[in-house]
Amino acid sequence: MKYTEEHLWLREEDDAILIGISEPGIEEIGEVIFVDLPEVGQTVTKDEEIIVIESSDSATDLLAPIDGEVVEVNENLADTPGLLNEDPIGAGWFIKIEASDPSQLDDYIDEAGYRKFIA
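Here the structure is a predicted model, which means the values were calculated and not measured.

Quick notes on the pattern of salt bridges
Here's step 1: Using the criterion set out here, one finds six salt bridges in the structure.
Here's step 2: In this structure, Glu13 and Arg11 form a salt bridge, with 4.0 Å as the shortest nitrogen-oxygen distance.
Here's step 3: Note that Asp107 is salt-bridged to Lys46, the shortest N-O span being 2.7 Å. In this pair, Asp107 sits in the loop between strand S9 (95–99) and helix H4 (111–118) while Lys46 sits in the loop between strand S5 (43–44) and strand S6 (49–55), placing the two residues 61 residues apart along the sequence.
Here's step 4: One salt-bridge network, held together by shared partners, links Arg11, Glu13, Asp14, Glu72 and Lys96.

Some details on the sheet that holds S5
Here's step 1: Spatial strand order, S1-S2-S3-S9-S8-S5: six strands in an open sheet with antiparallel pairing. The open sheet is flanked by strand S1 (2–3) and S5, the only strands paired with a single partner.
Here's step 2: Sheet analysis places strand S2 (residues 8–13) next to strand S3 (residues 16–21), joined by six bridges and oriented antiparallel. In the strand pairing of S3, Arg11 is matched with Leu18.

Cut-offs and rules
- Residues numbered from 1 in each chain as written.
- Predicted model: local features only at pLDDT ≥ 70, side-chain atom pairs only at ≥ 80, totals over all residues.
- Heavy atoms only, no water.
- Salt bridge = Lys/Arg side-chain N within 4 Å of Asp/Glu carboxyl O.
- Helix = DSSP H or I, 4+ residues; strand = E, 2+ residues; numbered from the N terminus.
- Pairing = 2+ DSSP bridges.

Honestly, it's all geometry; don't read function into it.
The following block contains the structure:
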């Protein structure tokens, strides 16, 4: 897995990139009450706002970490946004993107680097 400094994680899966948020990232946001995800088929550009997370205290905009097309979204978050708090690395993933430039993953840190970053 790779991590962004904004606490997103990226994992290659089935020729696409699965994207979610790390435990430290979701702890900063708090108890999630709503998640707004992009549509399947939507083309996203790196650093473009793609996801909004609403907690009881605030709304957080997340930016696309890579360019590509959204090929799957986690529909379970619509009914159960608390999955982000319960299992951010597993069941609480956001979207799957078919990357148009997989080398963009090289811009991010590995797990050891992320652990140093959050320490």
